[in-house]
Structure formats: structure tokens, C-alpha cells
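Below, each chain spelled out in residue letters.
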Amino acid sequence: MKLFIVAVILALSTWANGQVTILPADVTVNEGNDAEFTCSPFNIATLPVLQIRPDSGSAFINIEASDPRLSFVDSDDGRTYTYSDLQRGEDGTQFTCSVNGIPAPTPVTITVNFPPTFTDLGDQTVVEGMNRVVNFTVEARPEAAEVSLTRTGGAAVPGDTTYDANSVTFVDVQRADAGEYTLTSGNVAGEGSGTFTLNVEYAPEFEEGSGTMDIAVMVGGSITFSCAATGNPDPTISFSPTPSPDPHGATESDGVLTIARAADEPEPVTYQCNATNDVDSINTLSYALYTGVLPTVSNLVVVQTGNTVTINWSFTDGGIPLRFLTFELR
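Residues numbered from 1 in each chain as written. Predicted model: local features only at pLDDT ≥ 70, side-chain atom pairs only at ≥ 80, totals over all residues. Heavy atoms only, no water.

A.B. asks: Looking at this structure, how should I read the environment of S244?
C.D. replies: Within the secondary structure, S244 is located in the loop between strand 22 (236-242) and strand 23 (251-253). A residue is classified by how much of its surface remains accessible, and S244, at 62% relative accessible area, is exposed. When the C-alpha positions of S244 and Y271 are compared, they lie 10.0 Å apart, and in sequence the two are 27 residues distant. (Helix = DSSP H or I, 4+ residues; strand = E, 2+ residues; numbered from the N terminus. Buried < 20%, exposed > 50% of the residue type's maximum accessible area, 1.4 Å probe, protein only.)

Given below as C-alpha cells:
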């Protein structure tokens, strides 16, 4: 009889204190999805109060019913809550229910999975012929699967390239390897990717080739000629005259050299073309400028001996190398 009375007292005490449970104990969702759990009061007239603890270092606080992320449905099993749009920063958040200030014995712990996110990627610059290691970080929950590397536009990834979960290594990079590359990985929450651009710098190269090119202009005449070079970064062009200072007073702008009035110079003036960028400088191309007047032919003598005609003459080239001589028979 005494045992029965004690049991009744204990039952009444539990009822008065408001015992409540919240299930399930652990909820895993993908980022952006909703978490659902149920508070089940036992023989309690007072509805439970939902509480949240954002991190382990804080206390549980009540969630207002007006919270736009919170909704619930009542049933015979209790009150089922839905908390919407969970983000990766809310991983580890806990929920509990309490009645009369007494919380459920065990809270619900939320795990938020999210797809891989590639960070610390940026444009990569390398000099042609050198190696380049591109480091990156992959954040994901759960851990991401193996990383893959592709090249924008469908071009093949250079054959000597290697990569793993944290880096890409390009070997003996060539200018043809320049372009945009994409790293991709995935997990149960989805797929993520990150892109970077490989910029390959290389030394200037003259479009005209190399060597010395002869050009000519009449004394007092004008002439314009240019020197073009390719490279990355774009090279700057300049001219160095020999002799110096330039007797023709040439001016230059954007790789174009202009002589407004050529002087009468007995020897050619050489203009060395210089192309310079951050990688290197080259000066293997030059122009030799001759100045003079039109050639003249003198002392022309025609002698016929039998069936043989001999023509003798002399000429001056006017300071400009003679390129051709023609005869016209009338």
C-alpha cells in the first residue's frame, strides 16, 4: 500500500513539472533546406516553448512565434516544428522544448551539409618555360570527393599538369596553355566549382623577323616606318639611331618613326629597334636609311663592231644604292 502511494506521488510530480521530449536527436540537412523536429508533451496542458542555442558557448533562448523561418503543425503526437533555410554557418545549432521552464532532457543538434566551395583562387601569372603551382582551399561538409580540372572552351589540359585536393601544378608552361581553368568537386549536398585564369608572359618577338633592312629616301623628302613586336605584356617600342644624335631629327610614337625632312648624309643612318616588356628586351632588328638624289648616267658610248654592239657608261648612284638598271631599245 505504501509503495502504491509513492508511485502515485512520483507520477503526479512528473506531470506537474512538465516532462517533454524533442525528437529526433540529430537532424542533418543540406544548406538551404529545412529542419523538422517534434516536441511531445506527456499529459501536459501547457504547450511547450521552443528554444534555440546557436552555438555551444551560449544559452538557450526562446524563439518567437513570429519568427518568419518558423512554422509548426499540432497533432496527437505533439507539435512538429519546421525551421527553414538553414545555412552552413548554423551547423551545430541546437533546439529544445521546455514546459514550465524545464527543457527536454536531450536537445536536437543540427548538421548542415554544403557543397564544395573553392577559395583562395585568383588569376595566376607565370613566365613562359617556368613551372607554376596554384594553391587553393576546398570547404565542404561532408568532405568533398576527388577534384577534377577542366579547361574552358574544351581545350585539353596540358599533359604534364598534375593536381590534387589542394593544388594544381603546371610544368614548363607555354603561351598556348594560357586561359581559364575550372576546378570541380562534389558531395552529397551537391557540386561546387572554382575558376582561375592562367596568364603566360613571354618575351617580345619582332613581327618582321631580325636583321638589317635597307630603306631609302630622297634628300629633303619624308619617310615613315614602323617596328612591330608581339609579347605578353605588350612590349614598348623605341628606336636608337647611329650616329647619335640623329642627323635626320626623327620623331617616334607608338612604334612608328617619322622623318619629316631627310638630311643629305653620305653614310646611312641605322635605326635599331628596341622592344621591351617585363620579361625581356630585344634589339635584333634595325633599319639602314640611305639618303641621296636620283642616280645619273653619263659618258654613254655605243660602239658597233660587225655584228657586236658594245655599250659603255658611267653613273653616280646619288648616295642611294643602285637597285636596278634597265635598257630601252628604240
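Having seen it, we continue.
A.B. asks: Got a minute to help me understand the pairing of strand 24 (residues 256-259) in this structure?
C.D. replies: In the case of a regular strand, side chains alternate between the two sheet surfaces. The alternating pattern of strand 24 places L257 and I259 on a buried face, while none of V256 and T258, on the opposite face, is buried. Pairing of strand 20 (residues 223-226) with strand 24 involves four bridges; the strand directions are antiparallel. Residue pairing across strands places F225 opposite L257, the latter belonging to strand 24. Pairing between strand 23 and strand 24: three bridges, direction antiparallel. Within the sheet, the bridge partner assigned to S253 lies in strand 24 and is V256. Linking strand 23 back to strand 24 in an antiparallel pair, the connection comprises two residues, with D254 at a positive phi of about 50 degrees. (Pairing = 2+ DSSP bridges.)

A.B. asks: Sorry, what's going on with the sheet that holds strand 26 (residues 281-292) here?
C.D. replies: Working definition: the strands of a sheet are paired by backbone hydrogen bonds and lie parallel or antiparallel to each other. A sheet is described by the order of its strands in space; here four strands give the open sequence 19-26-25-22, paired in mixed fashion. Edge positions in the sheet fall to strand 19 (211-218) and strand 22, since each has one partner strand and no second. Put simply, the sheet's adjacent strands are angled 25 degrees from each other on average, direction ignored. Looking at chain direction, strand 19 and strand 26 are connected through eight bridges and run parallel. For T212, the partnering residue across the bridge sits in strand 26 and is S286. (Axes fitted to C-alpha atoms, helices over the stretch in contact; angles between N-to-C directions.)

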